[in-house]
There are 4 protein chains.
Amino acid sequence: MLSGGSPWSLATGRRSGPGAAVGAALNKLTAMTKSFGSDNHAGTHPAVMRAISAANTGDAVAYGADPWTERATAELRRLCGAKGEVFLVLNGSGANVLGLGLLLGRHEAVICAESAHINTDECGAAERILGTKLLTVPAPGGKLTPELIASRLSGRGDEHFSQPGAVAITQATELGTCYSLAELGKIRDFCAANGLRVFMDGARLANAAAYLGCTLGDLAEHADVLSFGGTKNGAMGAEAVIVMRPADAVIAPYLRKQHMQLSSKMRFLAAQFIALLDGELWLANARHANAMAARLAAGLAGVAGVEVVHPVQSDAVFARLDPQHIAELQRVWIFHVWDEATSVVRWMTAFDTQESDVDAFLASIATVTGARTA
Amino acid sequence: MLSGGSPWSLATGRRSGPGAAVGAALNKLTAMTKSFGSDNHAGTHPAVMRAISAANTGDAVAYGADPWTERATAELRRLCGAKGEVFLVLNGSGANVLGLGLLLGRHEAVICAESAHINTDECGAAERILGTKLLTVPAPGGKLTPELIASRLSGRGDEHFSQPGAVAITQATELGTCYSLAELGKIRDFCAANGLRVFMDGARLANAAAYLGCTLGDLAEHADVLSFGGTKNGAMGAEAVIVMRPADAVIAPYLRKQHMQLSSKMRFLAAQFIALLDGELWLANARHANAMAARLAAGLAGVAGVEVVHPVQSDAVFARLDPQHIAELQRVWIFHVWDEATSVVRWMTAFDTQESDVDAFLASIATVTGARTA
Amino acid sequence: MLSGGSPWSLATGRRSGPGAAVGAALNKLTAMTKSFGSDNHAGTHPAVMRAISAANTGDAVAYGADPWTERATAELRRLCGAKGEVFLVLNGSGANVLGLGLLLGRHEAVICAESAHINTDECGAAERILGTKLLTVPAPGGKLTPELIASRLSGRGDEHFSQPGAVAITQATELGTCYSLAELGKIRDFCAANGLRVFMDGARLANAAAYLGCTLGDLAEHADVLSFGGTKNGAMGAEAVIVMRPADAVIAPYLRKQHMQLSSKMRFLAAQFIALLDGELWLANARHANAMAARLAAGLAGVAGVEVVHPVQSDAVFARLDPQHIAELQRVWIFHVWDEATSVVRWMTAFDTQESDVDAFLASIATVTGARTA
Amino acid sequence: MLSGGSPWSLATGRRSGPGAAVGAALNKLTAMTKSFGSDNHAGTHPAVMRAISAANTGDAVAYGADPWTERATAELRRLCGAKGEVFLVLNGSGANVLGLGLLLGRHEAVICAESAHINTDECGAAERILGTKLLTVPAPGGKLTPELIASRLSGRGDEHFSQPGAVAITQATELGTCYSLAELGKIRDFCAANGLRVFMDGARLANAAAYLGCTLGDLAEHADVLSFGGTKNGAMGAEAVIVMRPADAVIAPYLRKQHMQLSSKMRFLAAQFIALLDGELWLANARHANAMAARLAAGLAGVAGVEVVHPVQSDAVFARLDPQHIAELQRVWIFHVWDEATSVVRWMTAFDTQESDVDAFLASIATVTGARTA
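Small disclaimer: the values here were computed from a predicted structure and weren't measured.

A. A look at the overall build of chain A. Summing up its helical and strand segments, chain A has 16 helices and 11 strands in all. What you see for chain A is a C-alpha radius of gyration of 21 Å, in line with the 21 Å of a compact globule of 374 residues. With the C-alpha coordinates aligned to their principal axes, the bounding extent of chain A is approximately 60 × 55 × 40 Å. The burial tally for chain A puts 67% of its 374 residues in the buried class.

B. Molecular detail of the domain arrangement of chain A. Residue and element names in this part refer to chain A. You can read the domains of chain A as domain 1 (22-44 + 282-369) and domain 2 (46-279). For domain 1 and domain 2, the distance between their C-alpha centres works out to 27 Å. Listed per partner, the contact involves 23 residues of domain 1 and 25 residues of domain 2. At the boundary of domain 1 with domain 2, total buried surface from both sides reaches about 2,100 Å², with 54% on carbon and sulfur atoms. Contact with domain 2 buries surface across domain 1, with T44, W282 and Q313 losing the most and accounting together for 42% of the total. Counting across the domain 1 and domain 2 interface gives 3 salt bridges. With a closest N to O distance of 3.7 Å, R204 and D315 form a salt bridge. Viewed at the interface, domain 2 and domain 1 are joined by 9 residue pairs in polar contact (both at pLDDT 80 or more). Breaking the side of domain 1 that touches domain 2 down by element, the ones donating at least two residues are α14 (281-300), β9 (316-321) and β11 (344-348). The element contributing the most residues to the side of domain 1 that touches domain 2 is α14, with 7 residues. Of the residues contributing to the side of domain 1 that touches domain 2, the split by class is 11 nonpolar, 8 polar and 4 charged.

C. Geometry of the interface of chain D and chain A. Contacts between chain D and chain A engage 23 residues on the former and 22 residues on the latter. In total, about 2,100 Å² of surface goes out of reach between chain D and chain A, with carbon and sulfur atoms giving 43% of it. On the surface where chain D and chain A come into contact, there are 2 salt bridges. Measuring nitrogen to oxygen at the nearest pair gives 2.5 Å for the salt bridge that ties A:E127 to D:K133. At the surface where chain D touches chain A, the tally comes to 14 residue pairs in polar contact (both at pLDDT 80 or more). Counting only elements with at least two residues in the side of chain D that touches chain A, the list comes to α5 (117-120) and α6 (125-130) of chain D. When its residues are assigned to classes, the side of chain D that touches chain A shows 3 nonpolar, 10 polar and 10 charged.

D. Expanded view of the packing of helix α15 (residues 323-330) of chain B against helix α16 (residues 355-369) of chain B. Residue and element names in this part refer to chain B. Here α15 crosses α16 at 135 degrees, and the two axes come no closer than 10 Å. With respect to α16, the axis of α15 lies oblique. The element α15 and its partner α16 pack so that their crossing is right-handed. Packed against α15, whose contacting residues are H325, E328 and L329, the element α16 presents F361, S364, I365, V368 and T369 at the interface.

E. Here's a closer look at the relation of the copies chain A and chain B. Taken as rigid bodies, chain A and chain B are interconverted by a rotation of 180 degrees and an axial shift of 0.0 Å, the fit giving an RMSD of 0.0 Å. Both copies of the chain, as the preceding transformation shows, are related through a two-fold rotation axis. Every residue of chain A has its C-alpha some distance from the rotation axis, and the shortest such distance is that of A:I129, at 3.0 Å. When you check the interface residues of chain A against chain B, 100% turn up at the interface there too, and the contact is symmetric in its surfaces.

F. Structural context of the pairing of strand β4 (residues 163-170) of chain A. All names here are of chain A. Within β4, 8 of the 8 residues are buried, leaving the element largely enclosed by the surrounding structure. As judged from the 5 bridges shared by strand β2 (residues 108-113) and β4, these two strands associate in the parallel manner. Note on β4: the bridge partner recorded for A109 is P164. In the sheet, β4 pairs with strand β5 (residues 197-201) via 5 bridges, with the strands oriented parallel. Across the sheet, residue A166 finds its bridge partner in β5, namely R197. At this point the chain moves from β4, through helix α8 (residues 181-193), to the parallel β5, and the crossover so formed is right-handed.

G. Up close: the relation of the copies chain D and chain A. Take chain D, turn it by 180 degrees, move it 0.0 Å along the axis, and it overlays chain A with an RMSD of 0.0 Å. Interface overlap between copies: 96% of the residues of chain D at the interface are likewise at the interface in chain A, consistent with a symmetric, same-surface contact.

H. A look at the environment of B:R245. All names here are of chain B. Turning to its location among the elements, R245 is positioned in the loop between β7 (239-243) and α11 (246-249). For R245, a relative accessible area of 43% translates into the label partly exposed. R245 sits 20 residues away from V225 along the chain, and the two C-alpha atoms are 8.3 Å apart. With sequence-adjacent residues up to four places away left out, R245 is seen in contact with G84, R197 and D224.

I. Expanded view of the environment of B:R156. Residues and elements named next belong to chain B. Among the structural elements, R156 can be located in the loop between α7 (146-150) and β4 (163-170). Taking relative accessible area as the criterion, R156 reaches 34% and is therefore assigned partly exposed. Measuring from C-alpha to C-alpha, the distance between R156 and A42 comes to 44 Å, with 114 residues separating the pair along the chain. In this view, R156 contacts Q163, P164, N194, G195 and L196; residues no more than four positions away in its chain are not counted. Reaching out from R156, the side chain makes a polar contact with the backbone oxygen of P164 at a distance of 3.3 Å.

J. Main features of the pattern of salt bridges. Residue and element names in this part refer to chain A. Enumeration over the complete set of coordinates arrives at 64 salt bridges over all chains. Among the salt bridges present, the one from R188 reaches D189, with a minimum N-O distance of 3.2 Å. R188 gets classed as partly exposed once you look at its relative accessible area, which sits at 28%. In this structure, the salt-bridge partner of R197 is D248, at a minimum N-O distance of 2.6 Å. Of the two residues, R197 is situated in strand β5 and D248 in helix α11 (residues 246-249); the sequence distance between them amounts to 51 residues. Relative accessible area serves as the criterion here: at 22%, R197 is assigned to the partly exposed category. Here the salt bridges do not stand alone but share partners, grouping D39, R204, K232 and D315 into one network.

K. View of the interface of chain A and chain B. Of the residues lining the interface, 65 residues belong to chain A; the matching set on chain B comes to 65 residues. Regarding the contact of chain A and chain B, the summed buried area is about 5,700 Å², with carbon and sulfur atoms giving 56% of it. Counting across the interface, chain A meets chain B through 2 salt bridges. Close ionic contact of B:D59 with A:K34 constitutes a salt bridge, the shortest N to O distance being 2.7 Å. One can count 34 residue pairs in polar contact (both at pLDDT 80 or more) joining chain A with chain B. Residue assignment for the side of chain A that touches chain B shows that the elements contributing at least two residues are α1 (23-30), α2 (46-54), α3 (67-80), α4 (92-103), α6 (125-130), α12 (252-258) and α13 (267-277) of chain A. It is α12(A) that provides the largest number of residues to the side of chain A that touches chain B, a total of 5 residues. Residues belonging to the side of chain A that touches chain B are distributed by class as follows: 28 nonpolar, 22 polar and 15 charged.

About the criteria used
- Residues numbered from 1 in each chain as written.
- Chains lettered and ligands numbered in written order.
- Predicted model: local features only at pLDDT ≥ 70, side-chain atom pairs only at ≥ 80, totals over all residues.
- Heavy atoms only, no water.
- Helix = DSSP H or I, 4+ residues; strand = E, 2+ residues; numbered from the N terminus.
- Rg over C-alpha atoms; globule rule 2.2 N^0.38 Å.
- Buried < 20%, exposed > 50% of the residue type's maximum accessible area, 1.4 Å probe, protein only.
- Domains from an automatic or database assignment.
- Contact = heavy atoms within 4.5 Å.
- Buried area = accessible area lost by both parts, 1.4 Å probe.
- Salt bridge = Lys/Arg side-chain N within 4 Å of Asp/Glu carboxyl O.
- Polar contact = N/O pair within 3.5 Å; in protein donor to acceptor, adjacent residues only side chain to side chain.
- Nonpolar A, V, L, I, M, F, W, Y, C, P; charged D, E, K, R; others polar.
- Axes fitted to C-alpha atoms, helices over the stretch in contact; angles between N-to-C directions.
- Parallel < 35°, antiparallel > 145°, perpendicular 65-115°, else oblique.
- Left-handed = near helix turned anticlockwise from the far one by under 90°.
- Least-squares fit on C-alpha atoms with pLDDT ≥ 70 in both.
- Pairing = 2+ DSSP bridges.
- Right-handed = clockwise from strand over helix to strand, strands pointing away.

Here it is as structure tokens:
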């Protein structure tokens with residue numbers, strides 16, 4: 001497995017700039033190893049692919065006035081207990097920026113964790129598109145608390161200070177942890193008492209529901225607007241923005257269009273959700289991915305030189321290990337170095353990660369770290 | 001065919017607002033008639049669907065660092081003679097706003113036809129996302145000319161006036177016409193001489209190439225940045241932004257991300273273009289759609305009470321007829337009233353429109369207008 | 001007077017670009033002739049200057065928490081019958097963009113006359129700062145009507161179309177005309193019935209009140225938010241944004257700050273309004289400027305070759321005359337060519353225009369046009 | 001002096017919201033004590049006021065095409081050694097946002113200290129107007145270093161990360177400290193080597209020049225664009241944006257207009273700078289304010305219970321003292337609590353602070369803290 005000379009020896013798994021010639025490498029590699037780089041390195045779940053094909057039956061009115069969209073959004077609304085509406089969009093940044101846009105006054109700012117995807121990983125889309133400011137807080141485990149939120153509330157009512165109008169939380173978080181329902185309840189209550197709206201970035205909402213053993217509705221009731229991510233759960237590329245109250249949905253169709261998130265052949269987005277919702281495939285997919293992360297974490301327990309740094313509560317394992325060991329592993333395996341300064345990596349599983357993938361990866365890790373021979 | 005009581009009697013073919021319950025109607029209708037409402041009422045071309053499925057082979061690095069994206073963008077670059085780069089995006093508005101964003105200085109405005117899609121049909125996305133102003137010109141047949149462009153150039157160098165930095169043209173236009181290569185050359189030369197950049201909205205670029213009998217490169221060389229639309233040509237949902245010169249591409253990756261147009265599982269966008277480019281399927285699709293529009297126009301020649309109001313040079317027929325006749329036709333057929341004031345409708349064909357669809361539609365038109373019995 | 005060789009022979013009265021060396025010319029010229037170029041070519045009314053000096057009495061808390069601001073805003077609120085609040089800003093564009101920002105939803109557009117200052121003369125500030133679209137209408141005499149407004153309302157509720165949320169009118173208009181109170185009432189009623197808010201650009205509100213013989217309150221009651229311009233009325237540089245209802249004022253302090261319109265030493269803005277409001281100086285100034293424009297228009301009645309093209313209802317005279325005559329006049333007099341294509345010029349008076357200035361200007365016009373000898 | 005019942009007992013010196021009725025209090029108070037709340041609590045220097053009055057000599061062409069503006073900008077250009085141009089604007093936020101706008105690509109972000117005025121005190125104007133993201137760094141004493149800047153450079157070239165294009169430094173800083181010329185040189189060199197532009201917020205540039213004993217040119221050469229603040233130095237309200245290289249100035253006139261920072265009667269802004277530059281009044285004012293702060297700091301040396309927390313290098317003294325002592329002092333004196341959590345206050349002097357003001361304030365402090373009797 002640790003054959004030298006892999007073209008991935010320097011790969012970050014992220015596009016490293018225009019023209020990075022990784023294509024050939026990828027072809028070779030994907031035949032060999034499962035990526036632990038991201039849950040969106042996985043392809044499309046076969047049932048989703050079938051649903052997309054099945055939706056290809058002649059004409060349908062564009063932009064969502066079709067029966068697939070009607071069915072998918074109605075079902076999502078029902079599952080989330082939303083009295084408002086559901087809007088399908090094209091990707092996760094699109095869901096986040098639309099969701100925040102629905103909750104923010106023209107002048108308002110957003111309180112979020114420093115580690116929030118909207119802060120670290122969207123190239124400043126929220127600032128660029130909404131003109132808002134992100135008031136960030138260092139948040140252990142990626143989770144905000146009423147106390148942390150309160151720490152960014154000074155200056156309310158003073159025109160010189162940015163005025164927070166919404167709090168953005170991510171469930172499951174970017175660090176692989178989950179808010180408990182009790183924690184969510186405290187945030188919701190604090191926000192309600194302080195005139196703050198709650199947006200929940202649910203790119204991995206399924207993983208949180210699977211981990212907590214709760215319904216989507218149990219999670220949704222703690223937010224004013226939330227997203228439900230299909231893409232990382234086995235969709236080809238589809239996200240839903242769920243607006244809990246009708247009043248917050250009024251401008252959503254227009255904002256979605258202005259944000260370039262309105263798909264013309266919408267039925268193909270809707271079909272993806274129909275497949276994921278059918279027979280609770282979304283839950284099975286999330287449970288499986290979570291189980292694979294748990295298996296990986298469990299396997300690491302016996303490995304000296306690897307420290308799991310966050311509770312493993314979804315489909316991600318964050319671990320600290322020796323930089324040289326990281327480099328050796330990246331010769332064969334695809335994953336991200338999360339923080340070079342602290343030598344922490346992120347290993348992600350997906351709906352299609354196999355037990356054998358995890359075991360092979362664990363064996364490599366053990367070999368590299370010298371914990372035991374392969 | 002003119003059976004009464006169709007639930008489409010009031011249908012505009014556009015979503016008429018949240019909750020419009022058109023699903024059931026659609027199911028019934030699509031079994032009966034081909035939509036002439038839009039080329040994006042059509043589904044996905046079977047070859048495109050196969051390519052999407054074929055790309056679903058395990059893992060691939062996300063965000064475009066995959067071999068499908070490499071192949072599709074390389075091929076598009078070659079076909080267009082672009083020395084810059086190609087960026088795949090999620091829909092037409094995304095392509096237009098990204099393309100303009102690459103060409104505009106922070107303070108600059110855009111000159112475009114009043115009938116331009118960016119002006120009439122994108123809910124003000126360009127203004128909202130780019131903060132730019134559209135300096136519109138009434139343009140016969142939807143086509144700008146150097147003279148029309150010049151009419152919006154007064155005030156350059158005066159800080160009180162909006163400063164045009166780019167000209168946006170659509171090829172084929174929103175009115176179904178095409179710029180000839182000579183016309184494009186005059187615009188390009190005028191713009192070059194006047195410090196203006198050219199953006200070409202190519203949502204229907206294939207139809208223009210098919211009509212003009214030219215290559216994509218013949219069209220691309222008249223623009224600084226252009227889009228090449230897959231969606232209206234048989235894709236499921238994919239557009240390409242082609243940047244002709246390297247310098248204009250530098251900020252494109254970041255702007256695409258900020259504009260929420262970066263797809264994570266990019267290979268599924270790329271696969272669509274691979275299918276369209278393979279064996280020039282894009283050209284065959286466009287030729288067919290154009291031929292169906294031509295057949296429709298030809299059939300209208302003998303119909304009293306129907307006036308074709310623009311040259312039919314792509315996949316659209318714009319016609320003026322009696323408002324009551326429009327209403328009767330809309331009981332069965334799906335199409336847009338383009339301008340209620342002048343009683344002009346738009347009838348569009350697509351890659352999958354059949355001769356029999358056109359003939360049945362013509363028969364209905366004839367019956368309704370009383371020109372001849374069905 | 002028509003001595004040749006004036007350095008103003010090519011002057012437009014507008015800065016024609018960086019480095020335009022007009023300083024020396026100006027020094028010579030201002031000793032000779034009164035500008036008819038703009039009401040902001042005039043200086044500061046002596047009473048305003050005295051009030052500014054008088055406010056310079058040691059310390060005052062910054063940003064408006066001072067007694068001058070309290071007095072000025074309270075008085076403006078009273079005069080306009082505003083139940084909301086008054087916000088002082090730094091210039092006319094600042095007032096317009098703030099006012100519109102208070103009335104527009106995040107996604108909304110503005111209906112205005114093509115000739116509106118916000119459309120023609122602010123370099124696209126509204127689009128740039130608010131991300132809004134201006135839906136323009138050609139408006140005879142610069143005045144909107146319910147019918148003209150209605151012409152831009154198609155597509156409401158359709159997410160593809162820009163959604164107008166406010167109507168912007170200018171009183172007095174950019175073409176020197178005034179809406180009658182009856183006309184304003186019709187617009188207000190139409191807007192109220194159609195879910196549109198009304199913003200009134202009152203850069204020359206004083207001139208309108210003077211012309212109509214009505215109070216500021218009579219005008220203000222037709223708007224949701226309006227501006228009251230000090231600068232063109234004799235202030236050094238101060239405008240007020242008057243918010244008629246408290247709910248619309250809630251975000252104004254924050255938006256004013258974000259728009260960089262919050263003055264730190266606010267008392268010096270407030271003092272200007274205090275002077276203008278004291279003894280109705282604003283009204284006297286406006287009446288005088290209007291009277292000078294009327295005198296000019298009356299004097300033109302007997303001049304062949306000069307056609308007044310808009311009713312003279314404030315401090316501006318728009319006239320059509322031979323391009324060569326325009327060029328000759330501009331050798332000595334400062335004024336704007338409003339529309340080169342139609343050979344229309346704008347001649348403006350101000351609070352400090354003297355009867356002798358008007359008469360001298362009329363004599364020049366007569367000489368140039370050959371109507372009579374000087 | 002410590003008479004009870006002052007209406008200022010709870011005053012923060014900032015407007016605490018709409019309707020705060022501080023007017024009467026202020027009238028009483030300003031007769032008694034000098035504010036240590038802000039250098040913009042001071043009025044206008046008499047020489048500036050005279051210059052404003054002197055500029056009120058009949059007509060002048062608007063928007064800066066006047067001899068005062070020509071003179072002021074030429075002199076500022078000369079003093080700063082700028083090969084580009086100088087643009088007068090209306091306030092400090094206007095200068096900052098314009099300056100950054102000239103240096104940032106459409107997609108770029110700004111690196112700045114957490115304590116930067118643009119981050120803490122402008123209500124998110126930079127994000128709102130420019131759509132940029134501020135990448136903040138905790139900076140001891142408010143001063144960035146190459147190392148601190150470098151800490152925000154990870155992710156360059158990766159489209160998911162915000163891309164810093166400019167570094168914003170403040171000189172003198174918001175914490176009353178000054179960058180030495182050597183420190184500025186290191187930042188300039190680091191930025192040049194790393195493709196970063198430098199914006200220098202010079203709201204108190206005069207104080208820095210006075211403290212360092214250097215010329216404006218010595219400071220300006222370390223920036224690509226800088227501001228030179230008039231308002232805190234004795235102007236009524238005027239700031240200059242100095243663009244060091246011609247290429248960066250090209251879009252400035254348009255951006256200034258779009259940002260609503262173009263004054264119509266510009267001569268009155270220019271006259272303020274003419275007065276400040278005449279006989280180096282700006283330097284005398286800054287030296288005096290600095291000396292008063294130094295006197296205050298020196299006087300505190302002997303006061304137990306008061307800890308000066310930043311080097312006093314301009315016109316501000318930051319001190320930590322007991323919260324109850326702060327409250328007692330605020331019964332009579334106006335100043336800001338800078339950080340309630342750490343019980344740190346800011347005391348500012350101004351061009352018109354008298355030695356006797358400082359001494360009286362010191363006496364109060366001593367009394368309150370019990371260090372010695374008054």
